[in-house]
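Here is how the chains run, residue by residue.
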Amino acid sequence: MAVVSLRKVEKTYPNGFKAVHGVDLEVRDGEFMVFVGPSGCAKSTLLRMVAGLESISGGELRIGDRAVNDLPPKQRGIAMVFQNYALYPHMTVYDNLGFGLRLAKTPKAELDQRVRHAAKLLEMEHLLERYPKQLSGGQAQRVAVGRAIVKKPEVFLFDEPLSNLDAKLRAAMRVRLTELHRALRDAGQPATTIYVTHDQVEAMTMGERICVLKAGVIQQVDTPTALYERPANAFVGGFIGSPEMNLVGAELFGHRLRLGHLGEQLLPLPAARADAMALRDGAVQFGLRPEHIGVAPSGRSGELAVPALLRFTEHMGAEIYVHAEVGGLPFSARVPAESGQALTTLARGSAITLQFQMDHAHLFAADEAGASLRR
Ligand code: ADP
Ligand code: MG
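Residue positions are given per chain, counting from 1 as you read along its sequence in written order. Each chain gets a letter, beginning with A, and each ligand a number, beginning with 1, in the order they are written. Per-residue local features of the predicted model are confined to residues with pLDDT of at least 70, and side-chain atom pairs are confined, for both listing and counting, to 80 or more; whole-chain, interface and lining totals are unaffected and use all residues. Excluding hydrogens and water, the side-chain figures rest on all heavy atoms present in the structure.

A. Molecular detail of the overall build of the chain. In terms of helices and strands, the chain carries 10 helices and 20 strands. If you line up the chain on its principal axes, its C-alpha atoms span 80 × 45 × 40 Å. Here the chain holds 375 residues, and 49% of them are scored as buried. Working rule for contacts: check all heavy atoms of both residues, and any pair within 4.5 Å makes them a contact. Pairs at least 24 residues apart make up 68% of the contacts formed inside the chain by residues separated by at least 6 positions. Residue burial considers only the protein chains on display, and all accessible areas are found by Shrake-Rupley using a 1.4 Å probe. Of the roughly 17400 Å² of accessible surface on the chain, 52% is carried by carbon and sulfur atoms. The averaged location of the 40 negative side-chain charges in the chain is 5 Å from the averaged location of its 43 positive side-chain charges. Each helix is a run of DSSP H or I of at least 4 residues and each strand a run of E of at least 2, with the numbering of both proceeding from the N terminus. Exposed residues in this analysis have more than 50% of their type's maximum accessible area, buried residues have under 20%, and partly exposed residues fall in between, with area computed by a 1.4 Å probe over protein chains only. Positive residues here are Lys and Arg, negative ones are Asp and Glu, while His and the chain termini are left out of the count. In plain terms, the charge of a residue is placed at NZ if it is Lys, CZ if Arg, CG if Asp and CD if Glu.

B. Main features of the packing of helix 3 (residues 108-121) against helix 4 (residues 137-150). Relative orientation of the contacting elements helix 3 and helix 4 amounts to 135°, with a least axis distance of 9 Å. Relative to helix 4, the element helix 3 is oriented oblique. The interaxial crossing formed by helix 3 with helix 4 has right-handed handedness. Residues R114, V115, A118 and L121 of helix 3 pack against G146, I149 and V150 of helix 4. Any residue that is not Ala, Val, Leu, Ile, Met, Phe, Trp, Tyr, Cys, Pro, Asp, Glu, Lys or Arg is counted as polar, Gly included; the first ten are nonpolar and the last four charged. Class assignment of the residues belonging to the contact of helix 3 with helix 4 gives a composition of five nonpolar, one polar and one charged. In this analysis, axes come from line fits to C-alpha atoms, helices being fitted only over the stretch in contact, and the angle between any two N-to-C directions falls in the range 0 to 180 degrees. Orientation categories follow fixed angle ranges, with anything under 35 degrees roughly parallel, anything over 145 roughly antiparallel, 65 to 115 roughly perpendicular, and all other angles oblique. By definition, turning the near helix anticlockwise from the far helix through less than a right angle yields a left-handed crossing, and turning it clockwise yields a right-handed one.

C. Structural view of the site of ligand 1. In this text, near means that some heavy atom of the residue lies within 4 Å of the molecule or strand in question. Near ligand 1 the following residues occur: Y13, N15, F17, A19, P38, S39, G40, C41, A42, K43, S44 and T45. The definition of a polar contact used here is a pair of N or O atoms within 3.5 Å, where within protein one atom must be able to donate a hydrogen and the other to accept one, and adjacent residues in sequence count solely through side-chain atom pairs. Measuring from an oxygen atom of ligand 1, one finds a backbone N or O atom of G40 at 2.7 Å. Side-chain polar atom of T45 to an oxygen atom of ligand 1: 2.5 Å apart, as the coordinates give it. Within the complex, the protein chains bury 62% of what would otherwise be the 570 Å² of accessible surface of ligand 1. Sort the elements by how many residues they give to the shell around ligand 1 and helix 1 (residues 43-51) lands first, with three residues. By residue class, the composition of the shell around ligand 1 is six nonpolar, five polar and one charged.

D. Region of interest: unusual backbone geometry. The omega torsion of the bond from S242 to P243 falls at -10°, within 30 degrees of zero and hence cis. Relative to the helices and strands, P243 resides in the loop between helix 8 (234-239) and strand 11 (246-253). Residues other than glycine seldom take positive phi values, yet A42 does so here, at roughly 90°. With a relative accessible area of 8%, A42 lands in the buried category. A positive phi angle, near 45°, is found at E160, a position not held by glycine. For E160, the location among the structural elements is in the loop between strand 7 (155-159) and helix 5 (167-186).

E. Representation of the pattern of salt bridges in the model. We define a salt bridge as a contact between a side-chain nitrogen of Lys or Arg and a carboxyl oxygen of Asp or Glu at a distance within 4 Å. Enumeration according to the criterion identifies 14 salt bridges in this entry. The salt bridge involving K18 is made with E10; its shortest N-O contact spans 2.4 Å. Assessed through its relative accessible area of 21%, E10 is described here as partly exposed. Between E54 and R48 there is a salt bridge, with the nearest N and O atoms lying 3.5 Å from each other. Through salt bridges with shared partners, one network takes in R7, E60 and R62.

Below, the structure written as structure tokens:
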């Protein structure tokens, strides 16, 4: 059993800076949990507190059935993989993998069995005799992960382990790490995992649940689907999804929105969407994801035609991102290449029509916290 539970956890650094504010979180046994948020939001601080590399200023941290606030890293049953995988250059992969076990005086036969098992899980049996300088970046990262596996930890901690890899390798390693987690679970050794990243694509593709952080405060903890469909506030709405959710100030009258200087055209919310929200007249933040905006004439029925001015287009291959202005406010649409093609030859400033799927509209409070108006 290795539930990781944080109760009212706080961190104040010796210089007086408070990095973590009352974090309450339970990472389930065997769960793959991702901590995501912009640089400086305290992802590493939290992970290092779980690892025992950073002291805890307040609250309680439990791993399994033990309070571990004051336990040294070695006694916590964790293994950590960093962005800088720092392999021993003068040792083979085999010896790099077995180093920790040898220090712990593990019998040779067991060491050999655990090293080979890790190498097999990571498909690197053919690399065991190589030295680090003979490895590609992705292979070196696999060795770093292998070093964690041979420890048979109850909890795996990853701090941005893929940041040093190029985009293609990163995508491949994402899949490999996710498969590894499944393989360990299938083999009856489910490993509770906390994976830190600033990259929302990594978070969305790898996490069973995701904890979104901002300035040392949890914003939302949920599955990728729930975060995407029901962001708790404007920050989460803007952070999850690519390209970003369009988020603009608007004014609400009943079930209708006034946007920028669109004049008398008000955008009606469909009844089902409006009923799901606690609406009150006045200033709000209106959010609509780029994939929920089309371009005329290819709109579906039920979409709202909105006049816009074209700014520029980006051809992404299968899709085109259309950047435009609606009533002076910036809006981006993400449309299939065939429906956006005609726009790519238009001059900047051309009048176009966007199609808003208002049944996907998000509304957030106008204040800084920007809480979702969903009931
Ligand atoms: P992240 O990993 O999300 O980028 P960190 O956990 O590294 O963020 O840092 C969180 C905040 O704590 C940042 O504002 C950072 O400047 C601050 N911080 C980190 N380490 C220290 C330290 N040793 N002393 C003071 N402040 C620190
Ligand atoms: Mg960090």
